[in-house]
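For reference, the chains in residue letters:
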Amino acid sequence: AASANVQYALKELISDFGKKSGCEGVKTVVASSGKLTAQIERGAPYHIFLSADMKYPLYLYRKGFTVEKPRVYAIGVLVIWSMKGIPLREKGPMVLLSDDVKRIAMPNPRNAPYGRAAREYLSRIGLFDKVRKKIIYGESVSQTSQYIFKKLVDVGFTAKSVVLSPRMKGKGTWIEVDRSKYSPIKQGVVLLKKGEKNRCATGFYRYLFTPDAKKILSRFGYITDEQN
Amino acid sequence: MFDQQFVETIFLTFRLAFITTVILFFAGLPVAYFLAYKDFRFKPVVETVVSLPLVLPPTVLGFYLIVLLSPEGFLGGLIEKISGHSLLFTFEGLVLGSVVYSFPFMVHPLQSGFSSIPPSLIEASYTLGKSRIETLLKVILPNMKPSILTGIVLTFAHTIGEFGVVLMIGGSIPGETKVASIAIYEEVEALNYDRANLYALVLFLITAFILIVVYTVNRRFTRAQNL
Amino acid sequence: MFDQQFVETIFLTFRLAFITTVILFFAGLPVAYFLAYKDFRFKPVVETVVSLPLVLPPTVLGFYLIVLLSPEGFLGGLIEKISGHSLLFTFEGLVLGSVVYSFPFMVHPLQSGFSSIPPSLIEASYTLGKSRIETLLKVILPNMKPSILTGIVLTFAHTIGEFGVVLMIGGSIPGETKVASIAIYEEVEALNYDRANLYALVLFLITAFILIVVYTVNRRFTRAQNL
Amino acid sequence: MILKLEKRLKGSEGEFLLNVDMDIPEGSFVTIFGRSGAGKTTILRMIAGLEKPDRGFIKVGNSVYYDSSAGIDLPPQKRKVGFVFQDYALFPNMTVAENILFGMEKPDRGFLDYLLELTGLEKLADRKPDTLSGGQKQRVALARAVARKPEILLLDEPLSALDMETRKMLQEELQRIHRDMNLTTFLISHDFSEVFRLSDTVYVLDRGSIVKQGRPEDVFVQERLSGKVKFSGEIVDIKREDVVYIVSVLIGNRIIKVVADPAEAEDLSIGDRVVVASKAFNPFIIRV
Amino acid sequence: MILKLEKRLKGSEGEFLLNVDMDIPEGSFVTIFGRSGAGKTTILRMIAGLEKPDRGFIKVGNSVYYDSSAGIDLPPQKRKVGFVFQDYALFPNMTVAENILFGMEKPDRGFLDYLLELTGLEKLADRKPDTLSGGQKQRVALARAVARKPEILLLDEPLSALDMETRKMLQEELQRIHRDMNLTTFLISHDFSEVFRLSDTVYVLDRGSIVKQGRPEDVFVQERLSGKVKFSGEIVDIKREDVVYIVSVLIGNRIIKVVADPAEAEDLSIGDRVVVASKAFNPFIIRV
Ligand SMILES: Nc1ncnc2c1ncn2[C@@H]1O[C@H](COP(=O)(O)OP(=O)(O)OP(=O)(O)O)[C@@H](O)[C@H]1O
Ligand SMILES: Nc1ncnc2c1ncn2[C@@H]1O[C@H](COP(=O)(O)OP(=O)(O)OP(=O)(O)O)[C@@H](O)[C@H]1O
Ligand SMILES: [Mg+2]
Ligand SMILES: [Mg+2]
């Protein structure tokens, strides 16, 4: 099971892992972290849970559904993205204050880590209260990305993995925001008790921390431990 | 416990359900009337089109609505040209989305209600010089109360519970488009089960209260004959 | 384009919708019959309870179902004790969830259909020595076809489109619980709009085809009299 | 069969008590006669089990259909009655033939054909009731009620929508059915001739109570004369012819022309109800 | 008014063509008489605009209701007709009073009270049709049709479910309404006396064609005699009394007892249709 925003990278990881280990056809189930957590709690037959943050894996760990403590397999990177030609590169984040920007999308901070990061970032640079009225909340990173991509909003916050995804690559303009102005978006993974006995599951879990995997992850816009 | 945002959200929810139901009743009536009393070649096609919004997952329907309503979309452009602003991420947009999504829930029961009226009643009204409209209001509608009730209850309850479309085209703006179903969803996602339960409970109680009143009043007027 | 998983998913979707509709028809009939023909004090309460599943956002309903059906939950424990395995994350579980969620869509139209039958027809059948069952099958049901159609179409289409409950208690397991609505959701989430559109289109076309056939056959039998 | 029924009804002149007590030999043909709203239909409905008396007792042959004191109340299905409803209550989803077949315990094609022929509906066998004329519907209702081969036949104005000719024919058939199947038959009718022709016993009901009962001729005929004759009728025309007036009086379906002198005629006008009498009347009978 | 109608119908003996051509003076009272399924109701429905002739022409006063060649087809609302339906078609959601009021162009309490009294429904004014007896429903239907003060009154067996007494009373009222409001009235009835009492002209319809027309007495009465009398009737009883037989013959609602000698009586049996004749008959009239 994996939360939505890791799935592009996940596809590559799985095929790479498949080639190397012979575990073909690792199946993925994609939903939001909250739903997956609720399901796992009730005995969903998942082996590994790749979350978009640490909260959900920790929750499951505390409740005793995991084999060991959650580990960080990647750190997400927040970007501001626009399809409407807002001069992000030139003016930086302050462009959000301009009248050209009427609507700003961000994932909902209540349940999406990228949303929390975006809000924290805006508060730290003192913009949050000023742009509050312009904000539209997307349910998830991907919905927020849709809002941006469909030009329903002028700019928006999303994950770097989105703008680097095969479909979005090269569309619009985006900038990374100052990484020191928000707490790192640690993406946690846990090996679930149901997967403890499964050779492929444990194999894949271990594979996630190999350099091969890290290379793929960083290609998709994640920061992995070494670079940190 | 019941902070201001909570109350605001609940209120917004019932406002949306109420407005949607009212609009759908008046929008659904002519369509259902037409489908029940006219026979034409392509009627099955029209009936199918009426049912189709149901087939799409609400979020997907919401997605297509976004495409349609976005300033670049056909409808969105038109609306923006006329009214000066877009419907997306506004309460009006939510109403539109709910209306589209719940359309079949109103039209179908009304249509089957219309077909259950004995034609001789309608003929009698016509020969008494009453226009179609007057016949509709005074003869047809009062004699299809169970179907009207079905349409209204299904639409109302469904609009309260619906969240896919709303989630898509609303943007969860507190006081404007953040209705209870979305609030509950968010709370569940955030693992705040207590608060989700509270929302659900309040929603449940208010709706249950409304429905019990409706059904009790209805029972007064149309007592079943124990057959 | 139509790889095996695609076909499998579409097939699973219609299988779910079909099974759910059949179950709901037979489960909804007695409830609707009872509500239409019996009058008792707490009837408004029962009617309200029947409508309430609608009020909850589907994912939330799904959430509560999970809680109920989990091996620790009351019902789940019972089921596991009896059948030896849990319903959660299985096709049977999906069916159960859809049945609960779509219940009002079947019961309401049937109930209003029952009330539209002139009591004298039922009396006539009784005096001809026909039992309640035979009267139901041969006299009542054939004369409330529009309502039955409404119930079936609403349930069927709604089950196809529903994804909140299914997502929650199904777990999106390919070939077992991953129905089209979820597939679409996942593809949209993954920004694979083309594939999402393809799913939606195929779903649309098949359902449209089924509905057009149903409506055309129905038109044959119950022609509207242009009034 | 024994029939003791009590039920409060709301009529056009306020509440009243329907209260009847009848002891009817099995196999007899009983007519209930009375004004609109007197409670006739209600009696039949209670016999059929479609309505519950406030108090009462119904026994047919050896089986007790209803007994309020013993708490017995057979459901309609268990009472072997055939009911022709005042509003027909045909099943719209079935054709004429299917409606009739539905009445039978097991489908009997031969009997169906017989009933269709009896009611002159052969050509309409495959039509739905919606497209039938009033009289045609009524005939289907009759055929369907008989199809069940009931013990008791309850006929609520079964021929009222029919023309004289069809009606006479069906009356004869009803009589035959009644005799052949030894049915106890209850008829509600407003037609004197029908009542005379068909029934053994007439009960006249008024506001829920039986005010008269007996053989039709005892109940309806006040005068019995053979040498003298009196007909009541109505003046439909008065015409002057030379010095006398010719007064046309409608009696039954006949017009009698009576010569009246001007003094007499002055008193009369069209629409008056009159009696035509004759002192010297030597009737003889010619068979037709 | 002029009425030319053609329409193919499917009857009990196969298809037939309803084809009538009537020229009716405004204000007259017309009866359509005929067998079940002859097309009577269909004619009224076409006049009211509820059914479309295949071809035809309907003109009332100066307004053309229907003209197939000119493509004119007024909707029912524009035709000022009052229709009493064979199946009443009362509005179940309205009380008796509301049903009648609904028929009026504007509510007229006084007229309502008059109509309620006329039909003897005062006490039932607040009842819903479901709880009425057959005859009560029929009276509501009549009151509602009249309430509109129509130009043409179309009565499809409007009194068939009523007892003689109520029926006679309403016939008189119908006549008065007809005269007072100068209505053109069409009546469908199977009751001879009703037809005689009420109508100026009778059209006898058979399988869609008019086979006879004229004044009631011309259409129905074959013999005209005053010194001689003949009544057709039916034998309801034969009893031996000493050496003679007393034969009871039902004529209209009367029983005539005729003395017959054994030779005569041998030939007769109950149920036979007979003619009672008398050579010497000196009728006189007594007003009642
Ligand atoms: N909708 C219809 N479709 C086909 N045939 C019809 C339809 N309505 C009536 N008919 C047929 O037309 C004929 C005339 O019907 P109509 O109702 O005019 O008869 P009627 O003279 O009023 O008879 P009754 O005295 O029995 O009421 C009947 O044989 C009937 O079966
Ligand atoms: N469901 C009911 N509730 C209250 N009153 C009723 C109900 N059904 C019938 N009545 C009343 O009971 C009385 C008797 O009705 P019933 O139908 O037995 O009359 P009826 O003798 O058959 O008259 P008709 O010859 O007019 O058919 C009527 O005055 C009627 O209004
Ligand atoms: Mg009656
Ligand atoms: Mg007729």
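Nothing here was measured: the structure is a model prediction, and the numbers come from that model.

J.: Honestly, the overall build of chain A in this entry has me stumped. Any pointers?
T.: In terms of helices and strands, chain A carries 10 helices and eight strands. Computed over the C-alpha atoms, the radius of gyration of chain A is 18 Å, within 12% of the 17 Å expected from 2.2 N^0.38 for a compact globule of 228 residues. A principal-axis box enclosing the C-alpha atoms of chain A has dimensions of 55 × 35 × 30 Å. When the 228 residues of chain A are sorted by exposure, 61% land in the buried category. For chain A, the exposed area adds up to about 9,200 Å²; of that, 51% sits on carbon and sulfur atoms. If you average the places of the 41 positive and of the 19 negative side-chain charges in chain A, the two averages end up 4 Å apart.

J.: Please explain the coordination of the magnesium ion (ligand 4) as it appears in this structure.
T.: Any two of four tetrahedral donors ideally make an angle of 109.5 degrees at the metal, while pairs among six octahedral donors ideally make 90 or 180 degrees. The protein atoms donating to the magnesium ion (ligand 4) are T41(E) (OG1) and Q86(E) (OE1), with metal-donor distances spanning 1.8 to 2.5 Å. With a gap of 45 residues between them, T41(E) in helix 1 (residues 40-48) and Q86(E) in the loop between strand 7 (81-84) and helix 2 (96-103) connect regions that are remote in the sequence.

J.: Help me out: how do you make sense of the pattern of salt bridges in this one?
T.: Two side chains of opposite charge can pair, provided their charged atoms sit close to one another. Summed over all chains, the structure comprises 38 salt bridges over all chains. Among the ionic pairs, K138(C) bridges to E134(C), the shortest N-O distance being 3.3 Å. Of the two residues, K138(C) and E134(C) are both situated in helix 7 (residues 132-140); the distance of four residues between them amounts to about one turn of the helix. When the shortest N-O distance is used, the salt bridge between E51(E) and R45(E) registers 2.6 Å. Taking relative accessible area as the criterion, R45(E) reaches 17% and is therefore assigned buried. It is possible to trace a salt-bridge network through shared partners that takes in D16(A), K20(A) and D212(A).

J.: Sorry if this is basic, but what is going on with the site of ligand 1 here?
T.: Around ligand 1, a shell composed of 21 residues is seen, among which R127(D), S133(D), G135(D), T41(E) and T42(E) lie nearest. At ligand 1, the nearby residues belong to more than one chain, namely chains D and E. A distance of 3.2 Å is found between a nitrogen atom of ligand 1 and a backbone nitrogen or oxygen belonging to T131(D). Here G39(E) contributes a backbone N or O atom positioned 2.9 Å from an oxygen atom of ligand 1. Breaking the shell around ligand 1 down by element, the ones donating at least two residues are helix 4 (134-147) of chain D together with strand 1 (2-11) and helix 1 of chain E. When its residues are assigned to classes, the shell around ligand 1 shows three nonpolar, 13 polar and five charged.

J.: For this particular structure, what's the right way to read the site of ligand 2?
T.: The environment of ligand 2 is made up of 21 residues, and the closest members are T41(D), T42(D), R127(E), S133(E) and G135(E). Surrounding ligand 2 is a set of residues that belongs to chains D and E. A distance of 3.2 Å is found between an oxygen atom of ligand 2 and a backbone nitrogen or oxygen belonging to K10(D). G134(E) is positioned with one of its backbone polar atoms (N or O) 3.1 Å from an oxygen atom of ligand 2. Considering ligand 2 on its own, with 640 Å² of exposed area, one finds that the protein chains cover 85% of that surface. Of all the elements in the fold, those that place two or more residues in the shell around ligand 2 are strand 1 (2-11) and helix 1 (40-48) of chain D together with helix 4 (134-147) of chain E. Split into classes, the residues belonging to the shell around ligand 2 amount to three nonpolar, 13 polar and five charged.

J.: Just to check I follow, could you spell out the arrangement of the chains for this structure?
T.: There are six pairs of chains in contact here; the most contacts are made by chains D and E. There is a clear gap between chain B and chain D: no contact, and 9 Å between their nearest C-alpha atoms. One finds no contact between chain A and chain E; the C-alpha atoms of the two approach each other to within 49 Å at their closest.

J.: What's the story with the confidence of the model for chain A in this structure? I'm lost.
T.: Across chain A, the average pLDDT comes to 84, with 97% of residues at or above 70. Averaged over each element, pLDDT in chain A is lowest for helix 2 (residues 33-41) of chain A (80) and highest for strand 3 (residues 78-82) of chain A (91).

J.: I keep staring at the packing of helix 1 (residues 4-37) of chain C against helix 5 (residues 91-115) of chain C and nothing clicks. Help me out?
T.: Residues and elements named next belong to chain C. In the contact formed by helix 1 and helix 5, the axes pass within 6 Å of each other and the chain directions differ by 40°. If you check the angle between helix 1 and helix 5, you find them oblique. Two packed elements cross with a definite hand, and for helix 1 against helix 5 that hand is right-handed. Here the residues of the contact of helix 1 with helix 5 sort into 23 nonpolar, seven polar and one charged.

J.: What is the right way to look at the coordination of the magnesium ion (ligand 3) in this model?
T.: All names here are of chain D. Within the first shell, the magnesium ion (ligand 3) binds the protein through T41 (OG1) and Q86 (OE1), at distances of 1.9 to 2.5 Å. The partly exposed category is assigned to T41, whose relative accessible area is 23%. Of the residues examined, Q86 reaches a relative accessible area of 21% and is grouped as partly exposed.

J.: Any chance you could explain helix 7 (residues 132-140) of chain B here in plain terms?
T.: Because each turn of an α-helix spans 3.6 residues, side chains separated by three or four positions end up pointing in the same direction. Three or more residues of helix 7 of chain B are buried, namely T135(B), L136(B), V139(B) and I140(B). Summarising the axial view, the buried residues of helix 7 of chain B lie within an arc of 115°, below the 170-degree limit, and thus occupy one face. Where helix 7 of chain B is buried, its residues meet helix 1 (4-37), helix 5 (91-115) and helix 6 (119-127) of chain B together with helix 2 of chain E.

J.: What is the right way to read empty space enclosed by the protein from this model?
T.: Over the atoms, a rolled probe matching the size of one water molecule traces out where space is still vacant. What the rule picks out here adds up to nine cavities of 30 Å³ or more. Approximately 220 Å³ is the volume attributed to the largest cavity. Around the largest cavity sit 19 residues that line it, and S160(D), R167(D), S160(E), R167(E) and D191(E) are the ones nearest its centre. Of all the secondary-structure elements, those providing two or more residues to the lining of the largest cavity are helix 5 (164-181) of chain D together with helix 5 (164-180) of chain E. Of the residues assigned to the lining of the largest cavity, the class counts are five nonpolar, six polar and eight charged.

J.: Explain the interface of chain E and chain B to me, please; I cannot follow it from the model alone.
T.: Where interface size is quoted, it is often the accessible area lost as the parts come together. If you look at the interface, chain E gives 20 residues, while chain B gives 16 residues. Both faces considered, chain E and chain B share a buried interface measuring about 1,500 Å² in area, 64% of it formed by carbon and sulfur atoms. At the boundary of chain E and chain B, one finds one salt bridge. Put simply, E123(B) and R45(E) hold a salt bridge, and the shortest N to O gap is 2.8 Å. When contributions to the side of chain E that touches chain B are tallied by element, the ones reaching two or more residues are helix 1, strand 7 and helix 2 of chain E. Taken together, the residues of the side of chain E that touches chain B break down into 13 nonpolar, three polar and four charged.

J.: Which parts of the structure should I look at to understand the sheet that holds strand 3 of chain A?
T.: Paired through backbone hydrogen bonds, the strands of a sheet run either parallel or antiparallel to each other. Residue and element names in this part refer to chain A. Taken in spatial order, the five strands of this open sheet run 5-4-6-3-7, and their pairing is mixed. The open sheet is flanked by strand 5 (135-138) and strand 7 (173-176), the only strands paired with a single partner. If you compare each strand with its neighbour and ignore which way they point, the axes differ by 30° on average. Pairing of strand 4 (residues 104-107) with strand 5, which is carried by four bridges, proceeds in the parallel orientation. In the strand pairing of strand 5, I104 is matched with I135. Here helix 5 (residues 113-124) sits on the sheet and contacts strand 3, strand 4 and strand 6 (155-159); the angle it forms with strand 4, its principal contact strand, is near 130°. Along the sheet face, helix 7 (residues 141-149) touches strand 3, strand 4, strand 5 and strand 6 and points at about 145° away from the line of strand 6.

J.: I would appreciate a short explanation of the environment of K84(A) in the present structure.
T.: All names here are of chain A. Within the fold, K84 resides in the loop between strand 3 and helix 4 (88-91). Classification of K84 as partly exposed rests on a relative accessible area of 38%. In this structure the C-alpha to C-alpha distance between K84 and D154, which are 70 residues apart in sequence, comes to 5.9 Å. K84 has contacts with K151, V153 and D154, leaving out every residue within four places of it along the chain. Here the side chain of K84 touches D154 through a polar contact of 3.4 Å, side chain to side chain.

J.: Whenever I open this one, the sheet that holds strand 8 (residues 185-191) of chain A confuses me. Can you help?
T.: All names here are of chain A. With antiparallel pairing, three strands are arranged side by side in an open sheet as 1-8-2. With one partner strand each, in any of the chains shown, strand 1 (48-50) and strand 2 (71-76) form the two edges of the open sheet. Across this sheet, the average inter-strand angle for adjacent strands is 20°, counted without regard to direction. With three bridges joining them, strand 1 and strand 8 adopt antiparallel strand pairing. Each bridged residue has a counterpart across the sheet, and for F49 the counterpart in strand 8 is V190. The strands touched by helix 9 (residues 199-207) within the sheet are strand 1, strand 2 and strand 8, with strand 8 carrying the most contacts at an inclination of about 155°.

Cut-off values and rules
- Here the residue numbering is sequential within each chain, running from 1 through the sequence in written order.
- Chain labels run from A onward and ligand labels from 1 onward, assigned in the order the entries are written.
- Under the rules for a predicted model, residues below a pLDDT of 70 receive no local features and side-chain atom pairs below 80 are neither given nor counted, while totals for whole chains, interfaces and linings still include all residues.
- Neither water nor hydrogens contribute to the side-chain values; these are computed over all heavy atoms in the structure.
- A run of H or I in DSSP counts as a helix once it spans at least four residues, and a run of E counts as a strand once it spans at least two, with each numbered from the N terminus.
- For the radius of gyration, the atom set is restricted to C-alpha positions; the globular benchmark scales as 2.2 Å times the number of residues to the power 0.38.
- For every residue, the accessible area obtained with a 1.4 Å probe (protein chains only) is divided by the maximum for its type, and the residue is called buried under 20%, exposed over 50%, and partly exposed between those limits.
- Only the protein chains shown count as cover for residues, and the accessible areas themselves come from Shrake-Rupley with a 1.4 Å probe.
- The charged-residue count follows a simple rule in which Lys and Arg add positive charge and Asp and Glu add negative charge, with His and chain termini not counted at all.
- Where a charge sits is defined by one atom per residue type, namely NZ (Lys), CZ (Arg), CG (Asp) or CD (Glu).
- Donor atoms (N, O, S) are those found within 2.8 Å of the metal centre, with the cutoff raised to 3.2 Å for Na, K and Ca; water is not part of the atom list, so apparent gaps in a site can occur.
- For this analysis, a salt bridge means a side-chain nitrogen from Lys or Arg found within 4 Å of a carboxyl oxygen belonging to Asp or Glu.
- The criterion for a residue being near a molecule or strand is simple. One of its heavy atoms has to lie within 4 Å of it.
- Here a polar contact is taken to be a pair of N or O atoms separated by no more than 3.5 Å, where protein atoms must pair a possible hydrogen donor with a possible acceptor and residues adjacent in sequence count only if both atoms sit in side chains.
- Residue polarity is assigned by list, with Asp, Glu, Lys and Arg as charged and Ala, Val, Leu, Ile, Met, Phe, Trp, Tyr, Cys and Pro as nonpolar; anything else, Gly included, falls into the polar class.
- By definition, residues are in contact when any of their heavy atoms lie within 4.5 Å.
- Note: pLDDT gives the predictor's confidence per residue, expressed from 0 to 100.
- Axis definition: a line fit to C-alpha positions, over the contact stretch in the case of helices; interaxial angles, taken between N-to-C directions, run 0 to 180 degrees.
- When an angle is under 35 degrees it counts as roughly parallel; over 145 it counts as roughly antiparallel; between 65 and 115 it counts as roughly perpendicular; any other value is oblique.
- For any pair of crossing helices, the crossing counts as left-handed if the nearer helix is rotated counterclockwise from the farther one by less than a right angle, and right-handed if it is rotated clockwise.
- An arc is given here, and it is the one of the directions from the helix axis to the C-beta atoms.
- As defined here, a cavity is a set of points on a 1 Å grid over the protein atoms alone where a 1.4 Å probe fits but cannot get out. A pocket is an open set with protein on both sides within 12 Å along at least five of seven lines, and residues line them when an atom is within 4 Å of a point.
- Grid points are joined across faces, edges and corners, and a volume is the space filled by probe spheres set on the points.
- Defined in terms of a 1.4 Å probe, buried area is the accessible area two parts forfeit on being brought together, summed over both.
- Note on pairing: DSSP must find at least two bridges between two strands before they are called paired.

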